[in-house]
Every structure is written in C-alpha cells, then in structure tokens.
Amino acid sequence: MGTDLFPLGFGVENIEKEMKHLLKNHVSPENIVRHFVKLAEKLDQEVRGDDTLVACLNFREKRILNLFVGPPEDRKKDEEYVRTFLSLPGKKIVCGGTTGQIFERVTGKKVEIDLYTLSENSPPVGYMEGIDLMTEGIVTLTQVFRYLEGQSDELGYGAKFIVKSLLEADEINFFVGRAINPAHQNPLFSHDISLKFRLVKDIAQILRERGKIVNVQYC
C-alpha cells in the first residue's frame, strides 16, 4: 500500500495475472509461495512495512503407494493376499526374493532381473507386469531406513526408487508377511522384533512424522 506504482496495493487482479503466469510455467506450489513473498518485498521497496503471509493450496488426486514386504505366514493364503494387493489402486512395490517367487507362482508371470542395476552394495532390481518394481528385502529396506533417518546417503537403485516413491506418496500401505527368514532372525529375540518388522515399523514412524498416511497390515 502507498507505493508509487500501487498506491492502493497490488490488487486481486494483478495477483490473478501473476498466478496464471506461474501456473502456465508449471511452477510448484512451494515456489509460488516464495515468489509472492519476494514480490511483496520488492513492491514494498525491501522495507517489509507489514506482515507478508502467503498460503497456496494445491488440489490433486491422492498418491497411493503399496509395498508387499516378505511372504505371508500361511502359504495357503498366498494367492488371496497377492490378488488383493494387485487389485489396489496406486503404485506397487514388492520387496524380497521369496516374495517375488510367490508373485510369480500366483500370477504365472516372470520377474525380469535388471543386472544393470546391480552395484557393490545393492542387489539388482526386477520387473513384472502389474508391479512397478521388485526389489531385494532386508538390505534394500535398511538403506531406505538409514537414508530417511539421516544416517547415510548410500542408496542402491531399488532403495532410491523406494525412497522417491515414499516421499511422493500421500498414503502408504505396507503388507508385511509374518513368515520369518532364519538368516534375518536372531534366535535370542522374539518373533515380533525380527529385523523385517523393526525396519517397517521404524520407516512407517518416520513417514507419519512427515505427515504421510501410513497403514501396516500383517499377513
């Protein structure tokens, strides 16, 4: 208010014109907010004579991510859980070699391993029709957890894809099989604190703290 160019303020019409220009150039909501704050500061001749508050609401379809981690405890229910998982809306990721074999058996489709994604510290990923990514389990999820926790930046191809998908999603659904891989289970610990369960629980907690809707279903 009171500047030579805009004595009565910038005005709603000018804000609309500015917004249309930003949207036409696909500027993100976060950068739209930053732009208007800086614009207000510029129009106020860098004085900031009053408070500057900008809120931007972006309406879009909910992004859903589904992850199937480990084989179900009851092998008789493998087909039921796989069919349920495949029927869900959203992106789908399957973690674990044995779990991938179950999906192959139930669907009759083959997992295609991409050896180009193999690295020194990360197993290769695979692809199957109807699934966005098939990854190894414990090593990959450990990398995901350590990255989200801020402990490490080391990510293999599979872990990088999962992290990106988790951060983009609004709602994340974990299907966690209760079958235990003896290689990942300390015999001194109980069933409920296996490494797989702990990783999923910790990752879910981090995501909830970041405002995500997280559902964990054990099978």
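So, how was this worked out
Residues numbered from 1 in each chain as written. Predicted model: local features only at pLDDT ≥ 70, side-chain atom pairs only at ≥ 80, totals over all residues. Heavy atoms only, no water. Axes fitted to C-alpha atoms, helices over the stretch in contact; angles between N-to-C directions. Helix = DSSP H or I, 4+ residues; strand = E, 2+ residues; numbered from the N terminus. Parallel < 35°, antiparallel > 145°, perpendicular 65-115°, else oblique. Left-handed = near helix turned anticlockwise from the far one by under 90°. Contact = heavy atoms within 4.5 Å. Nonpolar A, V, L, I, M, F, W, Y, C, P; charged D, E, K, R; others polar. Salt bridge = Lys/Arg side-chain N within 4 Å of Asp/Glu carboxyl O. Buried < 20%, exposed > 50% of the residue type's maximum accessible area, 1.4 Å probe, protein only. Polar contact = N/O pair within 3.5 Å; in protein donor to acceptor, adjacent residues only side chain to side chain. Core = buried A, V, L, I, M, F, W, Y, C linked by side-chain atoms within 4.5 Å. Phe/Tyr/Trp six-rings, centres within 6.5 Å; stacked < 30°, edge-to-face > 60°. Pairing = 2+ DSSP bridges.

### Observations concerning the packing of helix 1 (residues 12-24) against helix 2 (residues 29-43)
Viewed as axis vectors pointing N to C, helix 1 and helix 2 meet at an angle of 140°, and their least axial separation amounts to 11 Å. Considering the angle they form, helix 1 stands oblique to helix 2. The handedness of the crossing between helix 1 and helix 2 is right-handed. Here helix 1 contributes I15, E18, M19, L22 and L23 to the contact with helix 2, which in turn contributes I32, H35, F36 and L39. Here the contact of helix 1 with helix 2 is composed, by residue class, of seven nonpolar, one polar and one charged.

### Here we look at the pattern of salt bridges
With the rule as written, the count across this model stands at seven salt bridges. The partner of K164 in a salt bridge is E168, and the shortest N-O contact between them spans 2.6 Å. Note that K164 and E168 are positioned in helix 6 (residues 157-168) at a spacing of four residues, about one turn of the helix. The exposure class of E168 is partly exposed, given its relative accessible area of 31%. Among the ionic pairs, D202 bridges to R198, the shortest N-O distance being 3.6 Å. Remark: R198 and D202 occur in helix 7 (residues 195-209); sequence separation between them is four residues, near one turn of the helix. D202 gets classed as partly exposed once you look at its relative accessible area, which sits at 23%.

### Structural notes on the side chain of N66
Relative to the assigned elements, N66 resides in strand 1 (residues 64-69). A relative accessible area of 0% places N66 in the buried class. Side-chain polar atoms of N66 contact the backbone oxygen of P89, separated by 2.9 Å. A polar contact is formed between the side chain of N66 and the side chain of N173, at a distance of 2.9 Å. Those residues within four positions of N66 in sequence are excluded, and the remaining contacts are F85, L88, P89, G90, K91, K92, I93 and N173.

### Looking at the nonpolar core
Counting 28 residues, the largest nonpolar core has L67, L166, I172, F174 and I203 as its most contacted members. Residue assignment for this core shows that the elements contributing at least two residues are strand 1, strand 2 (91-95), helix 5 (138-148), helix 6, strand 6 (171-176) and helix 7. In terms of residues, this core owes the most to one element, helix 7, which gives seven residues. Sequence-distant contacts of I172, that is, excluding residues within four places in its chain, are made with L65, L67, L166, L207, K212, I213, V214 and N215. By size, the runner-up hydrophobic cluster in this structure holds 14 residues, among which are V106, I131, M134 and F175.

### Section: helix 4 (residues 97-107)
Taken residue by residue, helix 4 has T99, G100, I102, F103, E104 and V106 as its buried positions. Backbone geometry just after helix 4 places G108 at a positive phi near 75°.

### Comments concerning the packing of aromatic side chains
Counted according to the given criterion, the structure contains six aromatic pairs. Note on F68 and F103: the rings are 5.4 Å apart at their centroids and 85° apart in plane angle, and the pair reads as edge-to-face. Note that F68 is positioned in strand 1 and F103 in helix 4, a separation of 35 residues in sequence. A residue is classified by how much of its surface remains accessible, and F68, at 1% relative accessible area, is buried. Taking relative accessible area as the criterion, F103 reaches 0% and is therefore assigned buried. With a centroid separation of 5.6 Å and an interplanar angle of 85°, the aromatic rings of F85 and F175 are classed as edge-to-face. With a gap of 90 residues between them, F85 in helix 3 (residues 78-87) and F175 in strand 6 connect regions that are remote in the sequence.

### A word on the sheet that holds strand 1
Taking strand neighbours across the sheet as the criterion, the seven strands line up as 3-4-5-2-1-6-7 in an open arrangement whose pairing is mixed. Every other strand in the sheet has two partners, leaving strand 3 (112-114) and strand 7 (213-218) as the edge strands with one partner each. On average, each strand axis in the sheet is inclined to that of its neighbour by 20°, with strand direction left out of account. Here strand 2 runs beside strand 5 (residues 131-135); their pairing, made up of three bridges, is parallel. For V94, the partnering residue across the bridge sits in strand 5 and is M134. Against the sheet, helix 6 makes contact with strand 1, strand 2, strand 4 (125-128), strand 5 and strand 6, and its axis sits at roughly 140° relative to strand 2, the strand it touches most.

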